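# Understanding the architecture of this molecule
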Amino acid sequence: MIRLADRYRRLTGALLLTGLLLQGASALAEPPLTKAEIARQKAEQLEQRVAETDKIEPAPDAARLTPEGTEAVDPRGLAPLDDAITCLARSIYWEAKGTDQREMQAVANVIMNRLGNPKFPSSLCDIVQQGSETGQCQFSWWCDGRPDEATEPEQYAAAREVARRALNGTLPDITHGALFFHHRSISPGWMSTLVRTARTHEFNFYREPG
């Protein structure tokens, strides 16, 4: 006759085995995240890190975007503008394509400085698209009525790499905290109320006084 204790042990073992099998089946049912999905998640966390702390600092190595992951999000410059990597990279591209790496870096600095400033929206897509509801876009390319897809692969790859470094917090701020910029070929009225912080071959950069 099987004793009660033995029967209990067998039942417990069967339940444990069933639980393990169910866990295994669940794990098999959920495919691993793709490089693009991992990159989007990392970018969102990096974006939140800056918005919540108002600081742009190097992220821990494990939290940083990789070149492969960043490229996977939008390899051809055709993705919708609905994630941090694409919004930042596409804005750098349209504002500074055809220029050198320093110009792209400076544009990225301004956008990231806005992300770290509570006076501006707390996401990169909202920053890039700010003003579109009133027709007074902060970034003119977003409201010019033309397609927003990238058309020069090499230029877009360069912009995407600058965006990756900016999100990782490893892109030096050569604008010295600038929140605004304009091309040197124009003289907008609003510049008279601001303090110029830097000048590149293409652009002038400004911050608010004080």
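Not measured: the values here are computed from a predicted model. (Residues numbered from 1 in each chain as written. Predicted model: local features only at pLDDT ≥ 70, side-chain atom pairs only at ≥ 80, totals over all residues. Heavy atoms only, no water.)

## Examining the packing of aromatic side chains
Inspection of the entire model under this criterion finds ten aromatic pairs. Judged by centre distance (5.0 Å) and plane angle (80°), the rings of Y93 and W94 are edge-to-face. The exposure class assigned to Y93 is buried, which follows from its relative accessible area of 0%. Owing to a relative accessible area of 25%, W94 belongs among the partly exposed residues under this scheme. Among the aromatic residues, ring-to-ring pairing joins F120, F180, W190 and Y206 into one connected group. (Phe/Tyr/Trp six-rings, centres within 6.5 Å; stacked < 30°, edge-to-face > 60°. Buried < 20%, exposed > 50% of the residue type's maximum accessible area, 1.4 Å probe, protein only.)

## Structural notes on the pairing of strand β3 (residues 203–207)
Of all five residues in β3, four are buried; the element is thus mostly enclosed. Note that strand β1 (residues 180–183) and β3 share four bridges and pair antiparallel. Each residue of the ladder has a partner; that of H183, found in β3, is F203. Where strand β2 (residues 195–199) folds back on β3, the antiparallel hairpin that results is connected by three residues. (Helix = DSSP H or I, 4+ residues; strand = E, 2+ residues; numbered from the N terminus. Pairing = 2+ DSSP bridges.)

## Quick notes on the packing of helix α5 (residues 101–115) against helix α7 (residues 153–168)
Contact geometry for α5 and α7: axes closest at 10 Å, N-to-C directions at 45°. Classified by the interaxial angle, the pair formed by α5 and α7 is oblique. In this structure, α5 crosses over α7, and the sense of that crossing is right-handed. Across the interface between the two elements, Q101, M104, Q105, A108 and M112 from α5 touch Q155, A158, A159, V162, A166 and L167 from α7. Its residues assigned to classes, the contact of α5 with α7 shows eight nonpolar, three polar and no charged. (Axes fitted to C-alpha atoms, helices over the stretch in contact; angles between N-to-C directions. Parallel < 35°, antiparallel > 145°, perpendicular 65-115°, else oblique. Left-handed = near helix turned anticlockwise from the far one by under 90°. Contact = heavy atoms within 4.5 Å. Nonpolar A, V, L, I, M, F, W, Y, C, P; charged D, E, K, R; others polar.)

## A few points about the state of the cysteines
In protein chemistry, a disulfide is the covalent bond that joins the sulfur atoms of two cysteines. Going through the model one piece at a time under the given rule, you end up with one disulfide. Here C87 engages in a disulfide with C125; their sulfurs sit 2.0 Å apart. Between C87 and C125, the S-S dihedral sits near 95°, and the bridge is therefore right-handed. Pair noted here: C87 is in helix α4 (residues 84–96) and C125 is in helix α6 (residues 124–128), with a separation of 38 residues, a long-range link. (Disulfide = S-S within 2.5 Å.)

## As for the nonpolar core
Core analysis: the largest hydrophobic core is formed by 45 residues, its most contacted members being L88, I92, L124, L167 and F205. Elements represented by at least two residues in this core include exactly α2 (35–53), α4, α5, α6, α7 and β3. Residues contacting L88, with those up to four places away along its chain left out, are I111, M112, L124, A163, A166 and L167. Counting five residues, the second-largest nonpolar core is a separate cluster that includes F120, L179, F180 and Y206. (Core = buried A, V, L, I, M, F, W, Y, C linked by side-chain atoms within 4.5 Å.)

## Let's talk about α7
Over its 16 residues, α7 runs 22 Å from end to end, which matches the ideal 22 Å to within 8%, given 1.5 Å per residue. All of the buried residues in α7 are Y156, A159, R160, V162, A163, R164, A166, L167 and N168. Where the residues of α7 are buried, they touch α2, α3 (67–73), α4, α5 and α6. (Expected span 1.5 Å × (residues − 1).)

## What about the confidence of the model for the chain?
For the chain, mean pLDDT is 88; residues scoring 70 or higher make up 85% of the total. When mean pLDDT is taken per element in the chain, α3 scores highest with 98 and helix α1 (residues 4–29) scores lowest with 51. The low-confidence segment residues 1–5, where pLDDT is below 50, has two contacts with residues more than four positions distant or belonging to other chains. (pLDDT = per-residue confidence, 0-100.)

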